[in-house]
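Letter by letter, the chains look like this.
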Amino acid sequence: MNAPTPADSVLRWPAPDETRAPYRVYADSALYEHEQERIFRGPVWSFLGLATEVPNAGDFKSTFIGDTPVVLTRDAEGVLHCWVNRCAHRGALVCRELRGNVGEQGTHTCVYHQWAYDATGALVGVPFRRGLGGKGGYPADFDMAAHGLQRLNVDSVGDMVFGTFDPAAPPLREFLGAEHCANIERLFSRPITILGHARQYFPGNWKLYAENSRDSYHGGLLHLFYPTFGIYRQGQRGWVHLSDNKLHQLLQVCKPAEDQSIEHYQQASSRKADSQAQLEAPEMLRWEPELGGEIALTIHSMFPNVVLQQISNTLAVRQIQTKGVDATELVWTFYGFTDDSPELTAHRLKQFNMVGPAGYISMEDGEAVSICQQGIAGGLDQASVIECGGNSIDSIEVMGVDENGVRGFWHGYRKLMGL
């Protein structure tokens, strides 16, 4: 078997630091395949789902890590497992449903030749294993234990479940870092209830969305809904904290101060928010303080494939699924707490209109990814400019105008990819 193509033979980084990112990184098929090996099947922890999505024995959820189809399951003892959704016989998908339950002792059976697997991925049934009428069947030394599904290591922080292909990956909490684990536990501080799902498709590379979620200052520029209705404005008290490995970013913003008016925002912005704009349901904007402190917005980007959000009272995870070099699907899972009042649950459901595929805010991120992918065509030997705030990849204690998190993403990416 040929060794994987080294990433640096496909692409040369145009600068000694991360102030440039070559456009080819979003469009090269060979590099994309290398990412699947070095990142998604490499020594990192990828988000699989929320434990509450598979609460009972026999529950399962189909998902992806990169291009690889996987299934998250819970066994009869309540233990979570994850295995590659690829039958060991002929490579067919074993599980073809998005989610469901096979019962405590149930099996996942491939429709093609009926090979059956338990919740752990172990092979437990093969039709005609001993043949029929003394003919056919498998060899006498056929070892069922040697033909189970490929299994991943699984671990959790809060309600978030992660998996890794690589046994050499660092422990999950070490990979994420203490502060990032603490924020997950803050946003899952009580038992949760799943309130809904949505899917959003981008005709663009997954790294364009990863950059977007780490861009700490586009919110008040691209999303005019934010400053127009006072949810978020440049100059609010906040911070951008990067993990030690630079792979993860925690952006948090406190509620606006009384003196942060729309007029103040407009003086510093090249685009003008309409101060006369009104909503038919202005109660959607109401923020019910919760989770302690004054944090009203959290965008927590965890490499490689998940964003945990708190936007006012909208709580959700966004799983990034690669669908080719120029296509990405974002899977939203919205949640609340099981002890929420009916009024707070109704408020969360109404406020979800701000985000998701058609949200007042989030649909613009999808468009940004799309127009970037379109714009780089014919210019793959050129590079983006990532100099806002200098060349730092350090955390900052102000909610300013910088691209530290974007540069941090590329720093961690380059180390994993050997660029």
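Everything here concerns the structure above.
Now for a quick tour of the structure. Computed from a predicted structure; not experimentally measured. (Residues numbered from 1 in each chain as written. Predicted model: local features only at pLDDT ≥ 70, side-chain atom pairs only at ≥ 80, totals over all residues. Heavy atoms only, no water.)

Another point: helix α9 (residues 342-351). Turning to α9, its buried residues are L344, H347, R348 and Q351. Taken end-on, α9 shows its buried residues confined to a sector of 100°, consistent with a single buried face. Lining the buried residues of α9 we find β12 (192-202), β16 (306-311), β17 (314-322) and β18 (328-337). (Buried < 20%, exposed > 50% of the residue type's maximum accessible area, 1.4 Å probe, protein only. Helix = DSSP H or I, 4+ residues; strand = E, 2+ residues; numbered from the N terminus. Arc of directions from axis to C-beta. Contact = heavy atoms within 4.5 Å.)

Our focus in this paragraph is unusual backbone geometry. In the segment running from F303 into P304, the intervening peptide bond is cis, with an omega of 0°. Checked against the element boundaries, P304 lands in the loop between β15 (295-302) and β16. At K246, a residue that is not glycine, the phi angle is positive and equals roughly 70°. Structurally, the position occupied by K246 is in the loop between β13 (238-242) and β14 (249-254).

With respect to the helices and strands, the residue V84 is situated in strand β5 (residues 80-84). The spatial distance from the C-alpha of V84 to the C-alpha of T68 is 7.2 Å, given a sequence separation of 16 residues. Apart from residues lying up to four places away in sequence, V84 is in contact with T68, P69, V70, L149, Q150, L152 and F165.

Next up on the list: the sheet that holds strand β2 (residues 46-50). The strand order across the open sheet formed by 3 strands is β2-β11-β10, and the pairing between neighbours is antiparallel. Either end of the sheet is taken by a strand with one partner, and the two such strands are β2 and β10 (153-157). This sheet shows a mean twist of 30° between the axes of neighbouring strands, independent of strand direction. For β10 and strand β11 (residues 160-164), the ladder comprises 5 bridges, and the chain directions are antiparallel. Across the sheet, residue V157 finds its bridge partner in β11, namely M160. (Pairing = 2+ DSSP bridges. Axes fitted to C-alpha atoms, helices over the stretch in contact; angles between N-to-C directions.)

Before going further, it helps to spend a moment on the packing of aromatic side chains. To describe a pair of aromatic rings, one takes the distance between the centres and the angle between the planes. With the rule as written, the count across this model stands at 19 aromatic pairs. Seen in terms of ring centroids, W115 and Y138 are 6.1 Å apart; in terms of plane orientation they differ by 70°. Their pairing is edge-to-face. Of the two residues, W115 is situated in the loop between β7 (108-109) and β8 (116-117) and Y138 in the loop between β9 (123-125) and β10; the sequence distance between them amounts to 23 residues. Look at W115 and you get buried, because its relative accessible area is 3%. A relative accessible area of 29% places Y138 in the partly exposed class. Aromatic pair F409 and Y413: ring centres 6.1 Å apart, planes at 25°, arrangement stacked. (Phe/Tyr/Trp six-rings, centres within 6.5 Å; stacked < 30°, edge-to-face > 60°.)

In this section: the sheet that holds β16. Judged by pairing direction, the sheet is antiparallel, and its 7 strands sit side by side in the order β12-β18-β17-β16-β15-β14-β13 without closing on themselves. Strands at the two margins of the open sheet, each flanked by one partner only, are β12 and β13. Adjacent strand axes in the sheet meet at a mean angle of 15°, parallel and antiparallel pairs treated alike. Examined bridge by bridge, β13 and β14 share 5 bridges and lie antiparallel to one another. Bridge pairing in β14 places H241 opposite L250.

Within the largest apolar cluster, 86 residues are counted, with the highest numbers of intra-cluster contacts made by I39, M160, F162, L176, F188, L308 and W410. For this core, the leading source of residues is helix α11 (residues 404-417), giving 6 residues. Discounting chain neighbours no more than four positions away, the residues touching F188 are L50, G158, D159, M160, L308, V317, Y335 and F337. Ranked by size, the runner-up nonpolar core spans 14 residues in total, among them V94, Y117, L123 and V126. (Core = buried A, V, L, I, M, F, W, Y, C linked by side-chain atoms within 4.5 Å.)

So, about the pattern of salt bridges. For the structure on display, the rule yields 18 salt bridges. The shortest N-O distance in the salt bridge between R41 and E37 comes to 3.3 Å. According to the relative accessible area criterion, E37 is partly exposed, its value standing at 37%. Taken together, the shared-partner salt bridges connect R190, E290, D339, D340 and R348 into one network. (Salt bridge = Lys/Arg side-chain N within 4 Å of Asp/Glu carboxyl O.)

Attention shifts here to the side chain of R318. In this structure, R318 sits in strand β17. Lacking a salt bridge, the buried R318 has D365 as its closest oppositely charged neighbour, with an N-O distance of 5.0 Å. A distance of 2.7 Å separates the side chain of R318 from the side chain of Y209, its partner in a polar contact. Excluding residues that lie within four positions of it along the chain, R318 makes contacts with Y209, I299, N305, V306, V307, Q309, I311, L330, V331 and W332. (Lys, Arg positive; Asp, Glu negative; His and termini not counted. Polar contact = N/O pair within 3.5 Å; in protein donor to acceptor, adjacent residues only side chain to side chain.)

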